[in-house]
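Survey of secondary and tertiary structure
Given next are the chains, with one letter for each unit.
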Amino acid sequence: MPARVISRDEYLLLAKVAEEAERYEDLVAQIKCLTQTYGALTIEERNLLSVAYKNITNSLRSSWRVVDSLEKLESARPSTQSRHHVSLIRRQRSRIEKELTDACKDIVKLLNDSLLATAKPGEETVFYYKLKGDYYRYLAEFAQQQERSRYSDLSLGAYKFAYKHALAMLEPTHPTRLGLALNFAVYYHDVRKSPERACHLGKHAFDEAVACLDDSSSMQVMRDSVMILQLLRDDLVIWSTEMQRDAGGK
């Protein structure tokens, strides 16, 4: 007797259970099965996918930063024992890097192999290309110089495509467009080390959105947009202060 095909609603239920239980690898597995069986994802399904990979990679990125800081502290000590400690810490950092690399490449593969091909023009396309830019950016954060440059270029290409599409298809106050602008600006600041470009992009997105804010949007969209605008404003203040400090030190 052939196995019964799991319905879309059943996959979604299992995905939600995995999210509630904070079993994000299981959540990814359910959404992958759903994609293989039913094709394009709904808004709810792709948001669950985004939550899963965000939680997996955020934990690993946080661990990497801690271990990287410990390695630098230990490297500053001149003793022979410290050199041995550095070797052990570096080994742990490499393990975290492999897990993080695997997770980032996994979602990029899913995007390239399945999700981007079926994405409709507009918000869905922007959403997926933003994700592609995000996860190449994460890879660029810890990669060695040659790989860092390659991942940086791949991230930039995805962000540029997403942003051009967003400018043409989405309102300035759309949360997906604003979230893209925020992350693209972070890319320029963190990866390209250009607070000037980050501020220029972020301020343009911020000013356009503020000029268009009105009461015609739903309360949820308004809340999401305002929350992202607050994050964007906070980053703009920090980056502007950095530029003033750097200019004063010259």
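About the criteria used
- Residues numbered from 1 in each chain as written.
- Predicted model: local features only at pLDDT ≥ 70, side-chain atom pairs only at ≥ 80, totals over all residues.
- Heavy atoms only, no water.
- UniProt positions renumbered as here; feature names shortened; annotations may be inferred.
- Helix = DSSP H or I, 4+ residues; strand = E, 2+ residues; numbered from the N terminus.
- Expected span 1.5 Å × (residues − 1).
- Bend = angle between axes of the 7 residues up to and from the residue.
- Axes fitted to C-alpha atoms, helices over the stretch in contact; angles between N-to-C directions.
- Left-handed = near helix turned anticlockwise from the far one by under 90°.
- Contact = heavy atoms within 4.5 Å.
- Nonpolar A, V, L, I, M, F, W, Y, C, P; charged D, E, K, R; others polar.
- Phe/Tyr/Trp six-rings, centres within 6.5 Å; stacked < 30°, edge-to-face > 60°.
- Buried < 20%, exposed > 50% of the residue type's maximum accessible area, 1.4 Å probe, protein only.
- Polar contact = N/O pair within 3.5 Å; in protein donor to acceptor, adjacent residues only side chain to side chain.

Per an unreviewed UniProt entry, the recorded name for the protein chain is 14-3-3 protein, and the organism is Rhizopogon vinicolor AM-OR11-026. Regarding the protein chain, the UniProt comment filed under Sequence similarities (unreviewed entry) reads as follows: "Belongs to the 14-3-3 family."

**Structural notes on helix α4 (residues 80-118)**
In this model, α4 (39 residues) spans 57 Å end to end at C-alpha, consistent with the 57 Å of a helix rising 1.5 Å per residue. Along α4, the helix axis deviates most sharply at L111, where the bend reaches about 45°.

**Topic: the packing of helix α2 (residues 24-38) against helix α3 (residues 43-75)**
Packing of α2 against α3 leaves a shortest axis separation of 9 Å and a crossing angle of 145°. The element α2 and its partner α3 pack so that their crossing is left-handed. The residues of α3 that touch α2, namely those facing Y24, E25, L27, V28, I31, K32 and L34, are E45, L48, L49, V51, A52, Y53, N55 and I56. Looking at side-chain class alone, the contact of α2 with α3 contains 11 nonpolar, 1 polar and 3 charged residues.

**Some details on the packing of aromatic side chains**
Tallying each qualifying case throughout the model produces 13 aromatic pairs. Both rings, one in F127 and one in Y128, keep their centres 5.7 Å apart while their planes meet at 75°; by these two values the pair is edge-to-face. Summarising the burial analysis for this pair, F127 and Y128 share the class buried. Ring geometry for F184 against Y187: centres 6.2 Å apart, planes inclined by 50°, an arrangement best described as tilted. Taken together, the positions of F184 and Y187, both in helix α7 (residues 175-190) and 3 residues apart, correspond to about one turn of that helix.

**Quick word on the environment of L167**
Checked against the element boundaries, L167 lands in helix α6 (residues 145-169). According to the relative accessible area criterion, L167 is partly exposed, its value standing at 41%. In this structure, the C-alpha to C-alpha distance between L167 and F184, residues 17 residues apart in sequence, is 13 Å.

**Re the UniProt feature "site: Interaction with phosphoserine on interacting protein" (unreviewed entry) in the protein chain**
When the UniProt feature table is mapped onto this chain, "site: Interaction with phosphoserine on interacting protein" (unreviewed entry) is found at R61 and R137. Across 77 residues, the annotated set stays spatially compact, with a maximum C-alpha separation of 11.7 Å. Here R61 lies in helix α3. Exposure remark for R61: the relative accessible area of 11% places this residue in the buried category. In contact with R61, other than residues within four places in its own chain, are L100, R137, Y138 and E141. A polar contact of 3.4 Å, which involves the side chain of R61, links it to the side chain of N58. R137 sits in the buried class, given a relative accessible area of 5%. Setting aside its immediate chain neighbours within four residues, R137 contacts R61, S155, Y159, N183, V186, Y187 and V191.

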